[in-house]
Amino acid sequence: MINFNIAQWRAWAPGLDSVDAWRDWCQAPTLLAQSDAAPDVSFLPAMQRRRLSRLARMAFSVGWPLAEGLQDLPLVFVSRHGETPRTLDILSDLANDQPLSPTQFSLSVHNAVIGLWSILRNETSEMTALAAAGDGLEHGMLEAAALLNEGAPAVLLVITEEQPPPAYTRWINDVPFPYALGLLLTPGDEWQLALHTATVQPTETQWPHALNLLRTLLDEQGACQHAWKNRVWNWQRKP
Amino acid sequence: MSNPNSLEHDIKTLIIEALGLEDIDASDIGSEQTLFGEGLGLDSVDALELGLAIQKKYGIKIDADAKDTRNHFINVASLAAFVTARQAA
């Protein structure tokens, strides 16, 4: 069991870029229309932002305002599927015997986003890039809690998923639309997260855990339960 | 014979497209402007990407380790001269 406070949050999905927009969505969650929209990251210099994929832009757009004014802020970056459009481009080039784009290749590793984050923010704190299963959010929380326990005054957790290209739809069914959630976590006991083992097959939530947690946050609910395989995660807000 | 001026323009367009330069167009790049470091401010990943784009577009081979390769990539004018020489060879 771990304890922590969620000091602040930011989220982005196509068309949902304000607290009010998320509040509306959380009250009546619906599937968002397919969109190529990407968040505004004009706070980054043009020469630096040009190589950022939408996934990276989503991560920066939710993480940047949360990191404002904070130095030595460890980062836990979570994405189950990562840069699927980039991966497909690279694999397509390989399949067609074409030389690989050095830019695509250099940004194809899972920790590319945190590398860019480190460079652009001049941040040298510990950073981790995780790819877990459907409960990556909770695994990221464990990592963040460990960093808080080591004495970090705050930890930034960013979880983001990109809409996979159609070639992947047979295998990826847990990304209803592109989204990113950033959580600024601090030591405290406002929230409690505990892992249990399911004795019967638990039901998976309709929405990704990150979005479901946001619903719990915004609807002022006291708790939510996320299950993946035989792992059942109980989120509990202090009454 | 290709018109060198239009070749320079083509290379500028190629630079913008291949390197994803936002908010600039071909007329913003001077033919004698330094491409890397100072000047346009391109970096080493750009050098590799641009080398690949030039090889693809003009069907020429660039030896990344050759001593004079660096000189060919100084600016658009030197790149145009290099492409013209290679295509004639």
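Residues numbered from 1 in each chain as written. Chains lettered and ligands numbered in written order. Predicted model: local features only at pLDDT ≥ 70, side-chain atom pairs only at ≥ 80, totals over all residues. Heavy atoms only, no water.

Brief notes about empty space enclosed by the protein
Residue and element names in this part refer to chain A.
Logical step 1: Under the definition given, this model contains 1 cavity of 30 Å³ or more.
Logical step 2: What the largest cavity holds in volume is close to 40 Å³.
Logical step 3: Lining the largest cavity, in full, are A59, F60, L75, F77, V113, W117 and V158.
Logical step 4: Contributions of two or more residues to the lining of the largest cavity are made by α3 (54–67), β2 (75–78) and α6 (112–121).
Logical step 5: Its residues assigned to classes, the lining of the largest cavity comprises 7 nonpolar, no polar and no charged. (1 Å grid on protein atoms, 1.4 Å probe; cavity = no way out; pocket = protein on both sides within 12 Å on 5 of 7 lines; lining within 4 Å. Points joined across faces, edges and corners; volume = space filled by probe spheres on them. Helix = DSSP H or I, 4+ residues; strand = E, 2+ residues; numbered from the N terminus. Nonpolar A, V, L, I, M, F, W, Y, C, P; charged D, E, K, R; others polar.)

Notes on helix α2 (residues 44–58) of chain B
At 3.6 residues per turn, the α-helix brings residues three or four places apart onto the same side.
All names here are of chain B.
Logical step 1: For α2, which comprises 15 residues, the first-to-last C-alpha distance of 21 Å matches the rise-based estimate of 21 Å (1.5 Å per residue) to within 8%.
Logical step 2: All buried positions along α2 are accounted for by D46, E49, L50, G51, L52, A53, I54 and Y58.
Logical step 3: Between the side-chain oxygen at the start of α2 and the backbone nitrogen of V45 there is a gap of 3.2 Å, and the oxygen is on D43.
Logical step 4: One or two residues past the end of α2 sits G59, with phi positive at roughly 60°. (Expected span 1.5 Å × (residues − 1). Buried < 20%, exposed > 50% of the residue type's maximum accessible area, 1.4 Å probe, protein only. Polar contact = N/O pair within 3.5 Å; in protein donor to acceptor, adjacent residues only side chain to side chain.)

Let's talk about the side chain of A:R57
Logical step 1: Secondary-structure assignment places A:R57 in helix α3.
Logical step 2: On the accessibility criterion, A:R57 (14% relative accessible area) is buried.
Logical step 3: Within the structure, A:R57 has its side chain in polar contact with the backbone oxygen of A:L52 (distance 2.9 Å).
Logical step 4: Once you skip the residues sitting within four places of it in the chain, A:R57 turns out to touch A:A38, A:P39, A:V41, A:R49, A:R50, A:L52 and B:E22. (Contact = heavy atoms within 4.5 Å.)

Concerning the interface of chain B and chain A
Logical step 1: If you look at the interface, chain B gives 15 residues, while chain A gives 13 residues.
Logical step 2: In total, about 1,000 Å² of surface goes out of reach between chain B and chain A, with carbon and sulfur atoms giving 48% of it.
Logical step 3: The tally of links from chain B across to chain A stands at 4 salt bridges.
Logical step 4: The partner of A:R51 in a salt bridge is B:D46, with the nearest N and O atoms 2.7 Å apart.
Logical step 5: Between chain B and chain A we count 6 residue pairs in polar contact (both at pLDDT 80 or more) in total.
Logical step 6: Here the side of chain B that touches chain A is built from residues that sort into 7 nonpolar, 2 polar and 6 charged. (Buried area = accessible area lost by both parts, 1.4 Å probe. Salt bridge = Lys/Arg side-chain N within 4 Å of Asp/Glu carboxyl O.)

Examining the packing of aromatic side chains
The geometry of two aromatic rings is summed up by the distance between their centres and the angle between their planes.
All names here are of chain A.
Logical step 1: The full count for this structure, using the stated rule, is 10 aromatic pairs over all chains.
Logical step 2: With a centroid separation of 6.2 Å and 45° between ring planes, the pair formed by F177 and W207 is classed as tilted. Residue F177 is found in the loop between β4 (155–161) and β5 (179–197), and its partner W207 is found in the loop between β5 and α8 (209–218); the two are separated by 30 residues along the sequence.
Logical step 3: Seen from their ring centres, W191 and W235 are 6.2 Å apart, and the 80° between their planes marks the pair as edge-to-face. Here the residue W191 occupies a position in strand β5, and W235 occupies one in strand β7 (residues 231–237), the gap between them amounting to 44 residues.
Logical step 4: Residue classification places W191 among the buried positions, given a relative accessible area of 2%.
Logical step 5: One aromatic cluster in this structure is built from W22, W25, F177 and W207.
Logical step 6: Across the ring face of W64, the terminal group of R121 is positioned such that the distance to the ring centre comes to 4.3 Å. (Phe/Tyr/Trp six-rings, centres within 6.5 Å; stacked < 30°, edge-to-face > 60°. Lys NZ or Arg CZ within 6 Å of the ring centre and 35° of its normal.)

Some words on the pairing of β7(A)
Residues and elements named next belong to chain A.
Logical step 1: Note that β5 and β7 share 7 bridges and pair antiparallel. Opposite A194, over in β7, you have N234 as the bridge partner.
Logical step 2: Bridge count for strand β6 (residues 223–228) against β7 is 6 bridges, and the pairing is antiparallel. Note on β7: the bridge partner recorded for Q225 is N234. (Pairing = 2+ DSSP bridges.)

Here's the deal with the confidence of the model for chain B
Logical step 1: Predicted confidence across chain B gives a mean pLDDT of 89, with 94% of residues reaching 70 or more.
Logical step 2: Considering each helix and strand of chain B separately, the mean pLDDT is smallest for helix α1 (residues 4–18) of chain B, with a value of 90, and largest for α2(B), with 94. (pLDDT = per-residue confidence, 0-100.)

So, the layout of surface pockets
All names here are of chain B.
Logical step 1: By volume, the largest pocket is sized at about 520 Å³.
Logical step 2: Residue lining of the largest pocket: 19 residues in total, with A47, L48, A64, T69 and F73 positioned closest to the centre.
Logical step 3: Every element with two or more residues in the lining of the largest pocket is listed here: α2 and α3 (69–72).
Logical step 4: Among the elements that line the lining of the largest pocket, the one with the most residues is α2, at 6 residues.
Logical step 5: Of the residues contributing to the lining of the largest pocket, the split by class is 12 nonpolar, 5 polar and 2 charged.

Points about the nonpolar core
All names here are of chain A.
Logical step 1: Core analysis: the biggest nonpolar cluster contains 42 residues, and F4, W22, M141, L183 and W235 have the highest contact counts within it.
Logical step 2: Elements with a contribution of two residues or more to this core: β1 (2–12), α1 (19–27), β2, α7 (136–149), β4, β5, α8 and β7.
Logical step 3: Beyond its immediate chain neighbours, meaning those up to four positions away, F4 contacts M141, L148, L185, T186, G188, D189, E190, W191, L193 and W235.
Logical step 4: Counting residues in each nonpolar core, the second largest holds 29 residues, with F60, L66, A67 and F77 among its members. (Core = buried A, V, L, I, M, F, W, Y, C linked by side-chain atoms within 4.5 Å.)

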